[in-house]
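This is what each chain is made of:
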Amino acid sequence: MFSVKPLKPTFKSYLPPLQTEVKRSPQPTIKKLEARLLPGEIMVNEVNFVRKCVATETSRDDLWGRLVCTNFKISFITEDMLPLQQKFQYKNRLLGDHDIPLACIEQVVTVNDAKGKQKVLGSNQKLKFNPTELIIYCKDFRIIRFRFDEAGPESAKKVCLAIAHYSEPADPQLLFGFEYVGKRYYSPADKVNGLDPRGEGGGVGVAVASLQTALFDRPSDWDREVKRTGASEWRVCSVNEGYAVSASLPEYLVVPASLADQDLKQFSGFFSEQRIPFWCWNHHNGSALVRMTSIKDVVQQRKLDQRICTAITKSHPQRSDVFKSDLDRGLPNVQDVQVAFGKLRQICIIEPFEESEEKWLSSMESSRWLEYVRLFLKHSAELVYVLEGKHASVVLQEGGRDLSCVVSSLVQLMLDPHFRSIAGFQSLVQKEWVMAGFRFLDRCNHLKKAEKEESPLFLLFLDCVWQLLNQYPAAFEFTETYLTVLSDSMWIPVFSTFLFNCPQQRAEYSQDFARTKNLQLEDDKGLRFPPVWDWSQQFSAKDQALFNSPLYVGKSVSCVQNGAVKTFKRTKKNYSSTLRGMPSLRNGLVGDQDTLPRRNSLVLRLKPDFSQQREPQDSPAEQFFREWLSRPTDLHGPLLPQLLPSNIKLWKLNFLRWVPEAQINRGGSITAFHKVSLLADEIETLQNRLRQYKGTPAPAASTPLRPEHSRMYFKAGSLNDSPSSPDYLTSSFPFSPVGNLCRRSILGTPLSKFLSGAKIWLSTETLANETL
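Treat the numbers as computed from the prediction; the structure is a model and nothing was measured. (Residues numbered from 1 in each chain as written. Predicted model: local features only at pLDDT ≥ 70, side-chain atom pairs only at ≥ 80, totals over all residues. Heavy atoms only, no water.)

J.: Which residues make up the overall build of the protein, and what values go with them?
T.: Of regular secondary structure, the protein possesses 24 helices and 18 strands. Taking all 772 residues of the protein together, 53% fall into the buried category. Considering only contacts within the protein whose residues lie at least 6 apart along the sequence, 72% involve residues at least 24 apart. Total accessible area on the protein stands at roughly 36,200 Å², and carbon and sulfur atoms take up 51% of it. (Helix = DSSP H or I, 4+ residues; strand = E, 2+ residues; numbered from the N terminus. Buried < 20%, exposed > 50% of the residue type's maximum accessible area, 1.4 Å probe, protein only. Contact = heavy atoms within 4.5 Å. Areas by Shrake-Rupley, 256 points an atom, 1.4 Å probe, with all protein chains shown as cover.)

This is the structure:
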């Protein structure tokens, strides 16, 4: 509903006409709306007069526009505005407000209400009826509905078939990233000011944070990391240069100095996928974190184990023992994680607010997703004790190369404050996931061909990181918005970070693509895809400020006392663990019970009363955790997760952001974030003025921005400005569920059948009118 301005009198009417309320007509306009295309993006099919359904009780607020399918995305182009859209602008430079990347599509469903027909469309399939409705189920939990009541039937059919076809590429080189990189960086006509996708060459729009993120694709990056951690008995070797030893490992590795390249080549064949042991990180006490796959040859297993452990022991200044952790035994496998994620998706989209709160919580518990999050955090915390408390090196061993990515990253995040900064965290993901050969192409199922291989392990890792961030917000420079955007970036297939199974695959596919397109490459490394860490590809500098936490405490915190800038240091005292909200139990870290007990279970009822019994002697590990919990948190020291069931929360911003019923207007954690951001911005402004007054230079920030941009997204402004929260703030900020989800209670979206594996669908319009 919108109002028109009063019209001026004309010669035909000397009386001013009455101001009337103009009602939105169901008949759409015929104005031609143009799609915004990226380099290498081509329009495949389009249809006009399409209605996008908005999650309201009537179709009055639905949006009219043009639906376009390209080789990159589904684009809905409209002049209609969503509520509050004019007040808040959080724009992705690669995607429009109503765009869906084809890689983000989980399933395409077409419906004809008149004939009562429905079909799940796949690539190269035929459609024998004219669709009246299109339902898009997305991997980020969105459900998008389009109606073709006023559209041409043949055009609607063609665009549905095009979406189904292009969302399932038959070959990796058909992923949009190849065309995008080839046109933008290697075509003379489209190259912009010599822009280098790595973030070098002085191109425009290169984010400062990307320059500080080590990509670990060259020996110098590994050498700096070795020196930063003080791993003096480890060396950077090029034994895998040209991927001569293992196709799934990076070309440059860090190995014990006592192992020669010839030795590594000799026993590489005994390891699964030839993944020889490689160094990940070093503790300041000399203990190291190492990853390797299982040994295939049982006869050689004991001999190789002894040889490797001896080399790692020699690399320790105290010659400490080596602790081997078999990840395949104590952690869920990739299929278990995928099953739990499917149940979580059903609970977060279908069941919330439909049943009682108790039933919803029990369903969440039975999905086992939070239990798996707890298990990975628990196992990582126990390895922290080995490295920090026992001063022993740790070897992570598994049959594949999935679980070690999660555990290795969490251990380093808990022990090294460098990885809690934005640049440090990005280098951690680059080192332990991208270069270490995590199978993003298969686990994300970009080609829609490996459903048995699909598993959201990277999302599980981000959930574990969010648990730590939620418990210790001042220890992390980034926010949960940053983690959510990073998760969403997996479905934008233009970044090298999430496109391939290993660096060798990137080089092989990109070289083949370059030969096919006659592109001139500078070296034999293949196309240089931009990393996701170049956030300027997606967001403006102002929007990137939403990644910065106002609570983050750097290495030194400045304060002002009597007009002088001083450094605040935390005084260590012995505090009771109850001051930190922790009961005097074992925190779930080293207990006999590995799984979370169900509510009202016999485990809780029959649990003995420890107050009436003599407490047994703590093990060294339990004593280590108890002492750590009794001290105030050192934000620059080790961080141990609180693992009681009440401490493991659901990541609402990521999993419930598209649910309108879960949205709290001007509420949720964003309101506190807004207030603290204003305070932090005001403090930063006063500190800068004080430094200018005293003539002292400003300290270098970990992620510096241009002077005209503040580190905070919300700025304090003048003293006369109102400190109240803006109207557009909701618990889903900066995301909006409006127009992204059909409410089941009203429209009957059949997502439960989809999650149960059903191949037959019913129209949401039909289900709404059916009687049970």
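J.: I'd like to hear about the pairing of strand β9 (residues 133–138), residue by residue, with values.
T.: Within β9, six of the six residues are buried, which leaves it mostly tucked inside the rest of the structure. A two-sided burial pattern is seen for β9, the buried positions comprising Glu133, Ile135 and Tyr137 on one face and Leu134, Ile136 and Cys138 on the other. With six bridges joining them, strand β7 (residues 105–112) and β9 adopt antiparallel strand pairing. Among the inter-strand pairings, Val109 is bridged to a residue of β9, identified as Ile135. Between the antiparallel neighbours β9 and strand β10 (residues 143–147) lie four residues, among them Phe141 with a positive phi of about 80 degrees. (Pairing = 2+ DSSP bridges.)

J.: Please provide a residue-by-residue account of the sheet that holds strand β14 (residues 288–293), values included.
T.: As summarised here, the arrangement of the four strands in space is β13-β14-β16-β15, forming an open sheet in which the pairing is mixed. With partners counted over all chains shown, the strands left at the sheet margins are β13 (278–282) and β15 (322–326), one partner each. Strand-to-strand, the axes of this sheet are offset by a mean angle of 25 degrees, without reference to chain direction. The sheet contact formed by β13 and β14 spans four bridges and is antiparallel. Of the residues in β14, the one forming a bridge with Trp279 is Val290. (Axes fitted to C-alpha atoms, helices over the stretch in contact; angles between N-to-C directions.)

J.: Quick one: what's the story with the environment of Arg329, residue by residue and with numbers?
T.: Note that Arg329 resides in helix α7 (residues 327–330). Taking the relative accessible area as the measure of exposure, Arg329 reaches 76% and is therefore exposed. As a C-alpha pair, Arg329 and Glu398 span 69 residues in sequence and 8.8 Å in three-dimensional space. A distance of 3.2 Å separates the side chain of Arg329 from the side chain of Asp326, its partner in a polar contact. (Polar contact = N/O pair within 3.5 Å; in protein donor to acceptor, adjacent residues only side chain to side chain.)

J.: Describe in detail the confidence of the model for the protein, supporting the description with residues and values.
T.: Here the protein averages 80 in pLDDT, and 74% of its residues register 70 or above. Scored below 50 in pLDDT, residues 198–210 makes 30 contacts in the model with residues more than four places away or belonging to other chains. (pLDDT = per-residue confidence, 0-100.)

J.: Which residues make up empty space enclosed by the protein, and what values do they have?
T.: In the structure shown here, the tally under the stated rule is six cavities of 30 Å³ or more. Quantified by volume, the second largest cavity comes out at close to 60 Å³. Trp234, Pro256, Leu259, Leu264, Phe267, Pro277, Val290, Ile308 and Ile312 are the residues that line the second largest cavity. Its residues assigned to classes, the lining of the second largest cavity comprises nine nonpolar, no polar and no charged. (1 Å grid on protein atoms, 1.4 Å probe; cavity = no way out; pocket = protein on both sides within 12 Å on 5 of 7 lines; lining within 4 Å. Points joined across faces, edges and corners; volume = space filled by probe spheres on them. Nonpolar A, V, L, I, M, F, W, Y, C, P; charged D, E, K, R; others polar.)

J.: Please set out unusual backbone geometry residue by residue, giving values where relevant.
T.: The step from Phe733 to Pro734 runs through a cis peptide bond, and the omega angle for that step is 5 degrees. Tracing the sequence through the fold places Pro734 in the loop between α21 (669–694) and α22 (744–747). One non-glycine residue, Phe49, adopts positive backbone phi at about 60 degrees. Mapped onto the fold, Phe49 is located in strand β3 (residues 43–52). Phi at Phe216 takes a positive value of approximately 55 degrees, unusual for a residue other than glycine. Here Phe216 lies in the loop between α3 (208–211) and α4 (219–229). Of the residues examined, Phe216 reaches a relative accessible area of 2% and is grouped as buried.

J.: How would you summarise the pattern of salt bridges if you had to cite specific residues and measurements?
T.: Scanning the entire structure with this criterion turns up 33 salt bridges. Note that Glu432 and Arg291 form a salt bridge whose closest N and O atoms lie 2.9 Å from each other. Here Glu432 is found in helix α12 (residues 422–434), whereas its partner Arg291 is found in strand β14, with 141 residues between them in sequence. Both residues of the pair, Glu432 and Arg291, belong to the buried class. We note a salt bridge from Lys324 to Asp305, for which the minimum N-O separation is 2.7 Å. Of this pair, Lys324 sits in strand β15 while Asp305 sits in helix α6 (residues 298–314), and the two are 19 residues apart along the sequence. Judged by its relative accessible area of 32%, Lys324 is partly exposed. Residue classification places Asp305 among the buried residues on the basis of a relative accessible area of 15%. Each member of the salt-bridge network shares a partner with another, and the members are Arg51, Asp62, Asp113, Glu133, Arg145, Arg147 and Asp149. (Salt bridge = Lys/Arg side-chain N within 4 Å of Asp/Glu carboxyl O.)

J.: An account of the environment of Leu644 is needed here, citing residue identities and associated values.
T.: Structurally, Leu644 is set in the loop between α19 (620–630) and α20 (652–655). In sequence terms Leu644 and Arg374 are 270 residues apart; their C-alpha atoms lie 8.8 Å from each other.

J.: Residue-level account of α6, with values.
T.: In this model α6 runs 25 Å from its N-terminal to its C-terminal C-alpha over 17 residues, within 8% of the 24 Å that 1.5 Å per residue would give. Listing the buried residues of α6 in full gives Leu304, Asp305, Ile308, Ala311, Ile312 and Thr313. As for α6, its buried residues are in contact with β11 (234–237), β12 (253–256), α5 (261–267), β14, β15 and β16 (393–398). A distance of 3.0 Å separates the backbone nitrogen of Val299 from a side-chain oxygen at the start of α6, and that oxygen is part of Asp297. (Expected span 1.5 Å × (residues − 1).)

J.: Before we move on, can you summarise the nonpolar core with the specific residues and values?
T.: The tendency in soluble globular proteins is for nonpolar side chains to be buried as a group. Counting residues in hydrophobic clusters, the biggest one holds 201 residues, and the most contacted among them are Ile136 and Phe425. It is helix α10 (residues 369–389) that contributes the most residues to this core, 13 residues altogether. Among residues more than four places away in sequence, those in contact with Ile136 are Ile74, Ile100, Ile105, Gln107, Val108, Arg142, Ile143, Ile144, Phe146 and Ile163. (Core = buried A, V, L, I, M, F, W, Y, C linked by side-chain atoms within 4.5 Å.)

J.: Could you give an account of a positive patch on the surface, naming the residues involved and the relevant values?
T.: Taken together, the side chains of Lys115, Lys117, Lys126 and Lys128 present a region of like positive charge at the surface. Take Lys126: it is sitting in the loop between β8 (117–121) and β9. Looking at Lys126, the relative accessible area reads 71%, which means it is exposed. (Patch = residues over 30% accessible without salt bridge, like charges linked within 9 Å, V, L, I, M, F, W, Y side chains within 5 Å. Lys, Arg positive; Asp, Glu negative; His and termini not counted. Charge placed at Lys NZ, Arg CZ, Asp CG, Glu CD.)

J.: Lay out the packing of aromatic side chains with the relevant residues and their values.
T.: Tallying each qualifying case throughout the model produces 43 aromatic pairs. Ring plane angle 70 degrees and centroid distance 6.2 Å describe the contact between Phe425 and Tyr482, whose orientation is recorded as edge-to-face. Here Phe425, found in helix α12, pairs with Tyr482, found in helix α15 (residues 480–488); they are 57 residues apart in sequence, far enough to count as distant. Each member of the pair, Phe425 as well as Tyr482, carries the same accessibility label: buried. Taking the ring centre of Trp658 as reference, the NZ or CZ of Arg142 above it sits at 5.5 Å. One residue, Arg657, lies across the ring of Phe735, its end atom 4.6 Å from the ring centre. (Phe/Tyr/Trp six-rings, centres within 6.5 Å; stacked < 30°, edge-to-face > 60°. Lys NZ or Arg CZ within 6 Å of the ring centre and 35° of its normal.)

J.: Tell me about the sheet that holds β7, residues and numbers included.
T.: Each strand in a sheet pairs with another by means of backbone hydrogen bonds, the pair being arranged parallel or else antiparallel. Pairing in this open sheet of eight strands is antiparallel, and the strands run β6-β5-β4-β3-β10-β9-β7-β8 from one edge to the other. Taken across any chain shown, the strands that pair with only one partner, and hence form the sheet edges, are β6 (99–101) and β8. This sheet shows a mean twist of 25 degrees between the axes of neighbouring strands, independent of strand direction. Where β3 meets strand β4 (residues 63–70), seven bridges bridge the pair, whose relative direction is antiparallel. Bridged to Val50 within β4 is Gly65.

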